[in-house]
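Remarks on the overall topology
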Amino acid sequence: MLKWIPVLGLTLAVAACDREAGYAVDSGAFGNATLNNTQMMNGERNYAQALGERFAREVPSQINFAFDSAQLDNTAQQALIQQANWISQFPEVKFRIYGHTDAVGSSAYNKQLGLRRAQAVVAFFASRGISRSRLEALVSYGETQPIIQTAERDRRNRRTITQVSGFVDRNANSLDGKYARIVYREYIGSAVPLTKLTGGGKATALE
């Protein structure tokens, strides 16, 4: 529902504020605060794990490659753009990119190919302004961790996977504050209504 409000000769379309903070970002963490806090304290759950689960839920964490190639095709780039946009929202967080191959070829060659694939993803993220200091390219070739058990070519095994690995300058005293800041930022931001100038213009947050 929109409300029309005249302001300085312009008419603003304002989204009705009939939503509470956190309505779009609460996937159980807020509603189960006591349970989550208990799991954090006793070691059953950690901050990186919570963000990692959210990353895997909200964006495609895997891309695939052509045979014997580390080139990013259009489909892969579109998925990486989604990943990069998500990563850019969380400057406190570090990521690992794991490269895989199928089982065709020698183990030594596949290890290098898997690493080149992971490095291609890191380079893509860097081209979109993400610091390389937050990214680590790792390799795990197809013979050891295939999705599909086959000695033949299989695109599903030729992949990289992006995962949350921890926080920048990780230490026990800063983790709690950083995670709380991330959650608070997303929680409060979810309740900010949007405005739109009639006749065109960019939608902006109403302050």
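My aim in this report is to walk through the structure given alongside it, one point at a time. (Residues numbered from 1 in each chain as written. Predicted model: local features only at pLDDT ≥ 70, side-chain atom pairs only at ≥ 80, totals over all residues. Heavy atoms only, no water.)

**Notes on the side chain of Ser69**
Looking at the element boundaries, Ser69 is found in the loop between β3 (62-64) and α3 (74-88). Under the relative-accessibility criterion, Ser69 is labelled buried at 14%. Of note is the side chain of Ser69, whose polar atom sits 3.0 Å from the backbone nitrogen of Gln71. Leaving out residues up to four positions away in the same chain, Ser69 has contacts with Leu113 and Arg117. (Helix = DSSP H or I, 4+ residues; strand = E, 2+ residues; numbered from the N terminus. Buried < 20%, exposed > 50% of the residue type's maximum accessible area, 1.4 Å probe, protein only. Polar contact = N/O pair within 3.5 Å; in protein donor to acceptor, adjacent residues only side chain to side chain. Contact = heavy atoms within 4.5 Å.)

**Here we look at the packing of aromatic side chains**
Taken as a whole, this structure holds 5 aromatic pairs when the rule is applied. When the ring of Phe55 is compared with that of Trp86, the centres are 5.0 Å apart and the planes differ by 75°; the resulting orientation is edge-to-face. Placement of Phe55 in helix α2 (residues 47-58) and of Trp86 in helix α3 is noted, with a sequence separation of 31 residues between them. Its relative accessible area of 1% is what places Phe55 among the buried residues. Site record: aromatic cluster; members linked through ring pairs are Phe55, Trp86, Phe90 and Phe95. Directly above the aromatic system of Phe67 lies the positively charged group of Arg153, at a separation of 3.6 Å from the ring centroid. (Phe/Tyr/Trp six-rings, centres within 6.5 Å; stacked < 30°, edge-to-face > 60°. Lys NZ or Arg CZ within 6 Å of the ring centre and 35° of its normal.)

**Considerations on the pairing of strand β4 (residues 93-99)**
Where burial is concerned, the two faces of β4 differ: the one with Val93, Phe95, Ile97 and Gly99 is buried and the one with Lys94, Arg96 and Tyr98 is not. Looking at chain direction, β4 and strand β5 (residues 135-139) are connected through 5 bridges and run parallel. What sits directly across from Ile97, in β5, is Ala137. Tracing the backbone out of β4, into helix α4 (residues 107-127) and back to the parallel element β5 gives a crossover that is right-handed. (Pairing = 2+ DSSP bridges. Right-handed = clockwise from strand over helix to strand, strands pointing away.)

**What about the packing of α2 against α3?**
At a minimum axis separation of 10 Å, α2 and α3 run at an interaxial angle of 145°. Crossing of α2 over α3 shows right-handed handedness. Contact residues: Leu51, Arg54, Phe55 and Glu58 in α2; Gln83, Trp86 and Ile87 in α3. Grouping the constituent residues of the contact of α2 with α3 by class yields 4 nonpolar, 1 polar and 2 charged. (Axes fitted to C-alpha atoms, helices over the stretch in contact; angles between N-to-C directions. Left-handed = near helix turned anticlockwise from the far one by under 90°. Nonpolar A, V, L, I, M, F, W, Y, C, P; charged D, E, K, R; others polar.)

**Topic: the pairing of strand β6 (residues 159-167)**
When you tally the buried positions in β6, you get 7 out of 9 residues, the bulk of the element. As judged from the 7 bridges shared by β4 and β6, these two strands associate in the antiparallel manner. What sits directly across from Ile97, in β6, is Thr162.

**Here we look at the environment of Ala118**
The topology assignment puts Ala118 in helix α4. Distance in space between the C-alpha atoms of Ala118 and Arg96 is 8.8 Å, their sequence separation being 22 residues. Apart from residues lying up to four places away in sequence, Ala118 is in contact with Ile97, Tyr98, Gly99, Ala137, Leu138 and Thr160.

**Examining the pattern of salt bridges**
Throughout the structure, instances matching the rule amount to 5 salt bridges. For the salt bridge of Glu136 with Arg96, the shortest nitrogen-to-oxygen distance reads 3.2 Å. Of this pair, Glu136 sits in strand β5 while Arg96 is found in strand β4, placing the two residues 40 residues apart along the sequence. Residue Arg96 is classed as partly exposed on the basis of its relative accessible area, which comes to 33%. A salt bridge links Asp154 to Arg156; the nearest nitrogen and oxygen atoms lie 2.9 Å apart. On the basis of relative accessibility, which here comes to 11%, the residue Asp154 falls in the buried class. (Salt bridge = Lys/Arg side-chain N within 4 Å of Asp/Glu carboxyl O.)

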